[in-house]
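Topology and contacts: notes
Chain by chain, the residues:
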Amino acid sequence: MSAQTLSVADLAIDHALAQTARSMQFLLDVTPVNADKVRHDFAHGTVAQPSFHYRPLETSPEVLAKALENIDVADVEDATLGHLLRAKHRELGLQIEMLRARDTDDFSALSIELYGGATPELRRQADNILARVHRSEDAGDSLTAPEFLELAHSEIDFYREVDPEIDIHAEMRDDVNGVMVSGNTLLIDRDVVVQRARANALIQHEVGTHLVTQVNGAAQPVQVLGTGLAGYDRTQEGLAILAEIGCGELTPFRLRQLAARVLTVHRMHVGADFVEAWRALVDDGFPKSSAFTTTMRAYRSGGLSKDAIYLRGLVELLRHLRRGGGLDLLWLGKFSLEDLPLIRELDRRGVLRPPRLVPRYLEDARATERLDAAADHADDVAQLIEGAA
């Protein structure tokens, strides 16, 4: 069968939904633009509780909400596609509500509805990591933002040799914090410093996972696979951490960082203020600047629980691998592991196209061995670090 198994009317609804999603810059819009200045002031004791500022919204939530309202996903005829698009429609509506509630008390509750919270099982894993993974690597040599950008361009050039028509980019910006992907572009903070020992892992995380799946999803007849189906973030971030494992560069500090994110989200939800959550991380042995970044990420815009999904997504994918599940279909676009049966159904029907790109790190035969070994530790991820007490 071919993509004609989906009607023109159904594809038009999909395309409209994807266009609405592309018109939003959700993560950019909920991330502070003054984080570096606040970090400096906080470190020097000139502010007690940080106050963050956010970029003006390019499109008002009211306009986005009206555009979304005009997309009638109830009209989708294909049952499988209809389920996927209705869920995405609901998610976009929730994100629009969060933009309306940015930097208010309502934002945190909406964030929990979107991403979930730090479950007791996830907190157990996180506590276990911090209790048993003590060894931390030396900082070593670092890359400046321009040096890391050059590394990113080199990686993108590798994929362009595979497919010269791909549309992905990397650039430095003043209005981002750290390194992140937005749409088809890797955004790099001009002030970011990346440990040389972490650089390849970060490239495989951002380029080899987030941009590769964006390319593959954007090439599908179902365009929402490029912008991301409902709940895709958890599986995407889990895949990105798998990339760090696959290339052999998941470090003790990085695993501790994932645990710290879970515990910081939990502390925020049980009433700790910014300073209390930051102090708890410092007491756990995190450098003050790193603790600030982790705390800022959780407390931004009024409370964003997204950071708990990194460890959760990793655990879910390790269990998927342990049960004999594969990763091949997960490269087709951005979607959640829960939707894998529906994606498999569309693929079986010939609706979907093969991936244009496959992550570079998988070319190394040792990557599969590392992932297979990691799957054995799905219930005790502290063991991903050799020598954990």
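These notes cover the structure that comes with them. None of these values were measured; they are calculated from a predicted model.

What counts as what
- Residues numbered from 1 in each chain as written.
- Predicted model: local features only at pLDDT ≥ 70, side-chain atom pairs only at ≥ 80, totals over all residues.
- Heavy atoms only, no water.
- Salt bridge = Lys/Arg side-chain N within 4 Å of Asp/Glu carboxyl O.
- Helix = DSSP H or I, 4+ residues; strand = E, 2+ residues; numbered from the N terminus.
- Phe/Tyr/Trp six-rings, centres within 6.5 Å; stacked < 30°, edge-to-face > 60°.
- Buried < 20%, exposed > 50% of the residue type's maximum accessible area, 1.4 Å probe, protein only.
- Lys NZ or Arg CZ within 6 Å of the ring centre and 35° of its normal.
- Axes fitted to C-alpha atoms, helices over the stretch in contact; angles between N-to-C directions.
- Parallel < 35°, antiparallel > 145°, perpendicular 65-115°, else oblique.
- Left-handed = near helix turned anticlockwise from the far one by under 90°.
- Contact = heavy atoms within 4.5 Å.
- Nonpolar A, V, L, I, M, F, W, Y, C, P; charged D, E, K, R; others polar.
- Pairing = 2+ DSSP bridges.

What about the pattern of salt bridges?
In total, this model carries 31 salt bridges according to the counting rule given. In this structure, the salt-bridge partner of K88 is E91, at a minimum N-O distance of 2.8 Å. Taken together, the residues span about one helical turn, with K88 and E91 both in helix α5 (residues 79-100) at a distance of three residues. When salt bridges with common partners are traced through the structure, they connect E121, R124, R319, R322 and D379 into a single cluster.

Structural notes on the packing of aromatic side chains
Each aromatic ring pair is specified by the distance between its two centres and by the angle formed by the two planes. Tallying each qualifying case throughout the model produces nine aromatic pairs. Aromatic side chains F158 and Y159 sit 5.2 Å apart centroid to centroid with 75° between the ring planes, which places their arrangement in the edge-to-face category. For Y159, a relative accessible area of 1% gives the class buried. Aromatic rings pair up to connect F42, F52, F274, W278, F292 and Y299 into one cluster. A cation over an aromatic ring shows up here: R256 above the ring of F286, its NZ or CZ 4.9 Å from the ring centre. Sitting over the face of the ring of Y310, R261 holds its NZ or CZ atom 4.6 Å from the ring centroid.

What about the packing of helix α1 (residues 8-22) against α5?
Taken N-terminus to C-terminus, the directions of α1 and α5 make an angle of 25°; their axes are 11 Å apart at the nearest point. Classified by the interaxial angle, the pair formed by α1 and α5 is roughly parallel. Crossing handedness for the pair α1 and α5: left-handed. Along the contact surface, α1 presents D10, I13, D14, L17 and A21, while α5 presents L81, L85, K88, H89 and L92. Residue classes in the contact of α1 with α5 are distributed as six nonpolar, one polar and three charged.

Focus on the sheet that holds strand β3 (residues 179-182)
Spatially, the three strands line up as an open sheet ordered β2-β4-β3, and their pairing is mixed. At either end of the open sheet lies a strand with only one pairing partner, and these are β2 (169-173) and β3. Across this sheet, the average inter-strand angle for adjacent strands is 25°, counted without regard to direction. Strand direction decides the pairing type here: β3 and strand β4 (residues 185-189), joined by four bridges, are antiparallel. Each bridged residue has a counterpart across the sheet, and for S182 the counterpart in β4 is T185. Where helix α8 (residues 145-162) meets the sheet, its contacts fall on β2, β3 and β4, and the angle it forms with β2 comes to roughly 165°. Helix α9 (residues 196-218) contacts β2, β3 and β4 of the sheet and is inclined by roughly 5° relative to β3.

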